[in-house]
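Close look at the chain arrangement
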Amino acid sequence: QKENLSQQLSLLLSALPGGVVAIDNEGVIESANPVALSILGEPLLQCTWQQILEDRLLATDVANEWNLRKETHSDFRRISIESSASEDSGKMVLLIQDITEAYTNQERIKREQRLAVMGRMAANLAHQLRTPLSTALIYATHLGNSELPTQERSSFAVKTIERLQYLNQLINSMLRFVKGELVKKEVVDISVLLSDIQSLMLPHMLKKNLQLVVKDGGEGATLTVNYEELCSSLIALLENAMQASPAGGCISLTCNLTTDDVLFTVADQ
């Protein structure tokens, strides 16, 4: 009966898809099934497990997961090792799984997700940079007009610098977001915010023969917000209104105070 049980156990260990390694109470490998020999390489029996760890395995940042050294396998191999120890005898059994395919697929999915996020971020960045950049270009074009009075050219120069500074702030804000830093909030005067948006959008409105009406009902109130994000949101709504408006149309940006909120409204015809 012991002979039959031993044979059945040997057949079972040989048929298992994973590796099985038995280690005695002195840390020496006393038995291993064929899969374990295939994964870890030979010699294996009578070697200490500590020696196998040092010579053939590379630790990863994931618990119980290891990379095989290239000396053991010419191609990349990643394995997981689970252990079960006997309290009475001090012996230990290791269960070894080749997780190379699952790990490779997981890394591929992560890479595709990162690329998708980068694509969305690039589209968002392009959308947010387009309006202030084109505004700066419009102002810069006026600087080349020698027929304009010096005072007007100086005014356009100041506005160009303001738009470029805003672009720089927007890019820095996005870089902070990518790095996972906390969103920077500041006290923003509503009147100043509306004035900035008006100076930014007015050249585009005039270019498309549209009228922009800004109504400030903020009554001198302030907001503690991320300036670039709020400004970009309102600009996006105004851009949508411009796309939906025929030449000669009127677009309004209104700010009103309620009991608890500040309400911004963008409307077209």
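Above this note sits the structure.
Residues numbered from 1 in each chain as written. Predicted model: local features only at pLDDT ≥ 70, side-chain atom pairs only at ≥ 80, totals over all residues. Heavy atoms only, no water.

Observations concerning the overall build of the chain
Defined as follows: Starting at the N terminus, helices and strands are each numbered in turn, a helix being any DSSP run of H or I of at least four residues and a strand any DSSP run of E of at least two. Note that accessible areas follow from Shrake-Rupley with a 1.4 Å probe, and for residues the cover is restricted to the protein chains shown.
The number of helices and strands found in the chain is seven helices and eleven strands. A total of about 17100 Å² of accessible surface is found on the chain, and carbon and sulfur atoms cover 53% of it.

Quick notes on the side chain of Ser-252
Condition: Any two residues whose heavy atoms approach within 4.5 Å at even a single point are treated as in contact.
Following the sequence through the fold, Ser-252 ends up in strand S10 (residues 250–257). If we ignore the near neighbours within four places in the chain, the residues touching Ser-252 are Val-213, Thr-265, Val-266 and Ala-267.

Some words on the sheet that holds strand S8 (residues 211–217)
Heads up, the condition is: For two strands to be treated as a pair, DSSP must find no fewer than two bridges joining them. Between the N-to-C directions of two axes lies an angle of 0 to 180 degrees, each axis being a line fitted to C-alpha atoms and, for a helix, fitted only over the stretch in contact.
With respect to topology, three strands assemble into an open sheet ordered S8-S10-S11, the strand pairing being mixed. Each end of this open sheet is capped by a strand with a single partner; those strands are S8 and strand S11 (262–267). The average undirected angle you get between the axes of adjacent strands in this sheet is 10°. As judged from the six bridges shared by S10 and S11, these two strands associate in the antiparallel manner. Bridging from a neighbouring strand, Leu-253 pairs with Val-266 of S11. Sitting on the sheet, helix H6 (residues 190–207) is in contact with S8, S10 and S11, with an inclination near 175° to S8.

Details of helix H7 (residues 227–244)
Think of an α-helix as turning once every 3.6 residues; residues three or four places apart then point the same way. Threshold: Residue count minus one, scaled by 1.5 Å, sets the expected span of a helix. Only protein chains enter the accessibility calculation, which uses a 1.4 Å probe; a residue is then buried when its area is under 20% of its type maximum, exposed when over 50%, and partly exposed in between. Under this definition, polar contacts are N or O atom pairs within 3.5 Å; protein pairs additionally need one hydrogen-donor-capable and one acceptor-capable atom, and for neighbouring residues in sequence, both atoms have to be side-chain atoms.
Given a rise of 1.5 Å per residue, 18 residues ought to cover 26 Å, and the 26 Å separating the end C-alpha atoms of H7 matches this to within 8%. Where H7 is concerned, the buried positions are Tyr-227, Glu-228, Cys-231, Ser-232, Leu-234, Ile-235, Ala-236, Leu-238, Glu-239, Ala-241 and Met-242. The N-terminus of H7 is capped by Asn-226, whose side-chain oxygen sits 2.9 Å from the backbone nitrogen of Glu-229.

Re the environment of Ser-232
You can see Ser-232 is positioned in helix H7. In the structure, Ser-232 is positioned 35 residues away from Ile-197 in sequence and 9.2 Å away in space, judged by C-alpha atoms. Ser-232 has contacts with Gln-128, Tyr-166 and Leu-170, leaving out every residue within four places of it along the chain.

Some words on the packing of aromatic side chains
Rules: Side-chain rings of Phe, Tyr and Trp, where Trp is taken by its six-membered ring, are said to pair if the distance between their centres is within 6.5 Å; with planes under 30 degrees apart they count as stacked, over 60 as edge-to-face, and otherwise as tilted. Definition used: whenever NZ (Lys) or CZ (Arg) falls within 6 Å of the ring centre and also within 35 degrees of the ring normal, the charge is taken to sit over that ring.
Taken as a whole and assessed by the stated rule, the structure comprises one aromatic pair. Measuring from ring centre to ring centre gives 5.9 Å for Phe-76 and Tyr-103, while their planes differ by 35°; the resulting arrangement is tilted. With Phe-76 in the loop between strand S4 (65–68) and strand S5 (78–85) and Tyr-103 in helix H4 (residues 100–143), this residue pair connects regions lying 27 residues apart in the sequence. When its relative accessible area of 40% is taken as the criterion, Phe-76 is described as partly exposed. Of note, Arg-78 hangs over the ring of Tyr-103, and the distance from its end group to the ring centre comes to 4.0 Å.

Some details on unusual backbone geometry
Looking along the chain, the bond that leaves Glu-42 and enters Pro-43 is cis, with omega of 0°. Notably, Asn-209 is not glycine yet its phi reads approximately 55°, a positive angle. Relative to the helices and strands, Asn-209 is located in the loop between H6 and S8. Its identity is not glycine, yet Glu-219 carries a phi of approximately 55°, on the positive side. Along the chain, Glu-219 falls in the loop between S8 and strand S9 (222–225). For Glu-219, a relative accessible area of 70% puts it in the exposed group.

A word on the packing of H6 against H7
Between two packed helices, the angle of one axis relative to the other and the distance separating the axes together describe the packing. Convention followed: What makes a crossing left-handed is the near helix being turned counterclockwise from the far one by less than a right angle; a clockwise turn instead makes it right-handed. Here the term charged refers only to Asp, Glu, Lys and Arg, the term nonpolar to Ala, Val, Leu, Ile, Met, Phe, Trp, Tyr, Cys and Pro, and the term polar to all other amino acids, Gly among them.
At a minimum axis distance of 11 Å, the contact between H6 and H7 shows a crossing angle of 35°. H7 is crossed by H6, and the crossing has right-handed handedness. Here Leu-193, Asp-196, Ile-197, Leu-200, Met-201, His-204 and Met-205 of H6 lie close against H7, whose contacting residues are Tyr-227, Leu-230, Cys-231, Leu-234, Ile-235, Leu-238, Glu-239 and Met-242. Residue composition of the contact of H6 with H7, grouped by class: twelve nonpolar, one polar and two charged.

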